[in-house]
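Topology and contacts: notes
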Amino acid sequence: EYYMRIVNSLHELVPTHRISMAGGCTLNSVANGKLLLETPFRETCIQPAAGDDGLSLGSALYVSNSVLKEKRRWVMKNSYLGDEYSDSHIKSELNRYGLAFRELSREALLEETSNEVVKGNVVGWFQGRMEWGPRALGNRSIIAHPGFPNMKDILNARIKHRESFRPFAPSVLQERQSELFEQDHPSPFMLHVYKIRPEWRERLSAVNHVDDTGRLQTVAREENPLYYDLIKKFESKTGIPVILNTSFNENEPIVHEPAEAIECFMRTKMDTLVIGSFICKKVE
């Protein structure tokens, strides 16, 4: 109530349809979704590291705009600003840990990974640059079938060990968002919670919260081509343009380096690891 009261008061002072926010409170995805329904604002701009880690961005922008007067306009189109690792480095780490693996082409990797998800397997997905901020957005993610029976319980029992009431997130193709959710404002940084439409709630049972909402990540191809194409491939096999996405970790910080991903894969009951161009499967 106070959040909405403050935002509505701001709109009275500055009557516009766009709002830019930062600070830890703006990581409250439920409030951000309600803001678009309960205030006159219709467009939000919230960068992905809106908590204390975002102070670095604010400081840099302040120096650029207010001190140096550079007059440059930088648009944050994605959160993939972290470290990236070459296939040669990943391969050497897989060999160091003695893991059996296969190297696949891009298309074969998408085909086999999507098959694993379709079967109900839990997949560690380590690709490209790490996300900046607290959300895993398809580069350091654990992915799974969003409608597989008991998938939420499976993830918690095998890996995440979280409270049962905490939901997992749906990554949805951006152009399909309004078909599945009751609001259409994009949420590329997983910072909005929207109602799932009634006809999709059962098909998205593993990401449908108790109040029939989802903290979604909208995925556009230009923002993350590989992750987008994976969801697209999964959709072609299931008719569901969504993949369950949760952070690649087990009660510790999100994995950063290949070695951390490999160790998490080895010590948990994850079925499959897809890391760079390589795929590893548990041998029963």
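Every value quoted in this text rests on a predicted model; they were computed, and no experiment measured them. (Residues numbered from 1 in each chain as written. Predicted model: local features only at pLDDT ≥ 70, side-chain atom pairs only at ≥ 80, totals over all residues. Heavy atoms only, no water.)

**A short note on the sheet that holds strand β9 (residues 242–247)**
Heads up, the rule is: At least two bridges found by DSSP between two strands is the condition for calling them paired. Per the convention used, a helix needs a DSSP run of H or I reaching at least four residues, while a strand needs a run of E reaching at least two, with both numbered from the N terminus. Two residues qualify as a contact provided that any one of their heavy atoms is within 4.5 Å of a heavy atom in the partner residue. Helix axes are fitted to C-alpha atoms over the stretch in contact, other axes to C-alpha atoms as well, and angles between N-to-C directions run from 0 to 180 degrees.
Strand order in the open sheet formed by nine strands is β3-β11-β10-β4-β5-β9-β6-β8-β7, and the pairing between neighbours is mixed. The sheet terminates laterally at β3 (102–103) and β7 (192–195), the two strands that pair on one side only. In the sheet, strand β4 (residues 123–126) pairs with strand β10 (residues 272–275) via four bridges, with the strands oriented parallel. Paired with Phe126 across the two strands is Ile275, which belongs to β10. The strands that helix α2 (residues 29–38) touches are β7 and β8 (213–219); relative to β7, the one it contacts most, it runs at about 60 degrees. Across the sheet, helix α6 (residues 151–160) touches β5 (140–144) and β9, and the angle it forms with β5 is around 135 degrees.

**Points about the pattern of salt bridges**
Which entries qualify depends on this criterion: Salt bridges are defined as contacts in which a side-chain nitrogen from Lys or Arg sits within 4 Å of a carboxyl oxygen from Asp or Glu. In this scheme, a residue with accessible area under 20% of its type's maximum is buried, one over 50% is exposed, and one in between is partly exposed, where area comes from a 1.4 Å probe on protein chains only.
What the rule picks out here adds up to 21 salt bridges. In this structure, Arg176 and Glu179 form a salt bridge, with 2.9 Å as the shortest nitrogen-oxygen distance. Taking the shortest distance from any N to any O, the salt bridge between Arg176 and Glu235 comes out at 2.0 Å. Of the two residues, Arg176 sits in the loop between β6 (169–173) and α7 (177–180) while Glu235 sits in helix α8 (residues 225–238), which places them 59 residues apart along the sequence. Looking at Glu235, the relative accessible area reads 13%, which means it is buried. Each of the salt bridges in this network shares a partner with another, and the network as a whole consists of Arg102, Glu112, Glu116, Lys119 and Lys281.

**Here we look at a nonpolar patch on the surface**
Filter applied, for reference: Candidates for patches are residues over 30% relative accessible area with no salt bridge; among them, like charges are joined within 9 Å and nonpolar side chains (Val, Leu, Ile, Met, Phe, Trp, Tyr) within 5 Å. All accessibility values rest on the Shrake-Rupley procedure with a 1.4 Å probe; residue burial counts only the protein chains present in the view.
Among the surface-exposed residues, Tyr62, Val63, Val67 and Leu68 lie close enough to one another that they form a single nonpolar patch of about 390 Å² accessible area. Inspection of the secondary structure puts Tyr62 in helix α3 (residues 55–67).

**Here we look at the packing of aromatic side chains**
We count it as follows: Any two rings among Phe, Tyr and Trp, with Trp reduced to its six-membered ring, count as a pair given centres within 6.5 Å; such a pair is stacked if its planes are under 30 degrees apart, edge-to-face if over 60, and tilted if neither. Should the NZ of a Lys or the CZ of an Arg lie within 6 Å of a ring centre and within 35 degrees of the ring normal, that charge is described as sitting over the ring.
Counted under the stated rule, the structure contains two aromatic pairs. Geometrically, the ring pair formed by Tyr85 and Phe126 is tilted, given 6.4 Å between the ring centres and 45 degrees between the ring planes. On the criterion of sequence distance, the pair formed by Tyr85 in the loop between α3 and α4 (87–96) and Phe126 in strand β4 is long-range, its members being 41 residues apart. For Phe126, a relative accessible area of 1% corresponds to the buried category. Ring centres of Phe101 and Phe278 lie 5.3 Å apart, and the angle between their planes is 85 degrees; this geometry places the pair in the edge-to-face category. Of this pair, Phe101 sits in the loop between α4 and β3 while Phe278 is found in strand β11 (residues 278–281), placing the two residues 177 residues apart along the sequence. Note on Phe101: relative accessible area 23%, which makes it partly exposed. Over the face of the ring belonging to Phe126 we find Arg140, whose NZ or CZ atom lies 3.8 Å from the ring centre.

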